[in-house]
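A structural walkthrough
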Amino acid sequence: MRIHPSEGALQKAVDACKQMLANKRVLVCSKNRLTLTAVSLAEPILQSLIGGATTEDEALQIQLESNPDLLITSEDLERGYGIRLVEKAKQQSPDLKALIFLSRETPEVVQEAMEAGADGVMFVSSIGTGDGDFIHALRTTNSGGIYYPRAVLEAATAKVKPAPILVDPLSERELEVIQCIIQGMKNTEIADSLIVSAETVKSHVSTAIHKLGVRDRTQAAVYALTHGLVEVDI
């Protein structure tokens, strides 16, 4: 694979990252020390970096000490497991945004990352392809959405779990709202798309969370996606 971005495109990407991370506190975690160093020293990350780690325990300790806004991690760590790190970090700080890069692209691993609470799930194989996953992930999660690109959605839906029997099934409108969440839309965007008020969307989201017995809107979307309750255009 060759990477040869134009100077203008590269600077535009750097400027966009710098702007989105300007007021964020960023924690980076990776097994590969070269990758960790390269990412941490990248200009947009460095301005907001509070720490870097190669192990799950180190990252959780930094989180306790510094309360980051954004966690960027790989699946593979020197010790521990990136997906478990995301789960523990989100339990510790529910408002934390977590982006994870996966080396394995199986339905099971993708679903595991989603269920752990990752706000953005990307494949390592997408790096340098020109699709701009990282920029899109930052932009989407910055505005309150979740970022699951096409390749990730294809993997997640390739092997769905048995559909549950709900005492109170989701309504057609609740399912539409969840489909919008999966597409990365925030409540105001969903309201515009469905021509309803933002408060109505908020009510539908709250009801869906209660019916599915999950903790938040992201997990409601993940549950519906991985159990085949919704069909998503890929």
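Described below are features of the structure shown in this document. (Residues numbered from 1 in each chain as written. Predicted model: local features only at pLDDT ≥ 70, side-chain atom pairs only at ≥ 80, totals over all residues. Heavy atoms only, no water.)

Despite not being glycine, N67 shows a phi value in the positive range, around 50°. You can see N67 is positioned in the loop between α4 (56–66) and β3 (70–74). When its relative accessible area of 48% is taken as the criterion, N67 is described as partly exposed. Located in the positive-phi region is I195, a residue other than glycine, with phi close to 55°. (Helix = DSSP H or I, 4+ residues; strand = E, 2+ residues; numbered from the N terminus. Buried < 20%, exposed > 50% of the residue type's maximum accessible area, 1.4 Å probe, protein only.)

Summed over all chains, the structure comprises 13 salt bridges. Here R33 makes a salt bridge to E78, at a shortest N to O gap of 2.9 Å. With R33 in helix α2 (residues 33–41) and E78 in the loop between β3 and α5 (82–92), this residue pair connects regions lying 45 residues apart in the sequence. E115 serves as the salt-bridge partner of K161, at 2.6 Å between the closest nitrogen and oxygen. Of this pair, K161 sits in the loop between α8 (150–156) and α9 (172–182) while E115 sits in helix α6 (residues 107–116), placing them 46 residues apart in sequence. You can call K161 partly exposed: its relative accessible area is 29%. (Salt bridge = Lys/Arg side-chain N within 4 Å of Asp/Glu carboxyl O.)

So, on to the sheet that holds strand β5 (residues 120–123). Spatially, the 5 strands line up as an open sheet ordered β2-β1-β3-β4-β5, and their pairing is parallel. Unpaired on one side and paired on the other, β2 (49–53) and β5 mark the two borders of the sheet. Each adjacent strand pair in this sheet contributes to an overall mean axis angle of 15°, direction not counted. Bridge count between strand β1 (residues 26–29) and β3: 4 bridges; the pairing is parallel. Within β3, the residue paired with V28 across the bridge is I72. Seen against the sheet, α6 touches β4 (97–102) and β5 and runs at an angle of roughly 170° to β4. Sitting on the sheet, helix α7 (residues 133–142) touches β3, β4 and β5, and the angle it makes with β4 is about 160°. (Pairing = 2+ DSSP bridges. Axes fitted to C-alpha atoms, helices over the stretch in contact; angles between N-to-C directions. Contact = heavy atoms within 4.5 Å.)

The geometry of α9 relative to helix α11 (residues 198–212) is characterised by a closest axis approach of 9 Å and an angle of 95° between their N-to-C directions. It follows from the interaxial angle that α9 and α11 lie roughly perpendicular. Along the contact surface, α9 presents R173, E174, V177, I178 and I181, while α11 presents V201, H204, V205, T207, A208, K211 and L212. A breakdown of the residues in the contact of α9 with α11 according to their chemical character gives 7 nonpolar, 2 polar and 3 charged. (Parallel < 35°, antiparallel > 145°, perpendicular 65-115°, else oblique. Nonpolar A, V, L, I, M, F, W, Y, C, P; charged D, E, K, R; others polar.)

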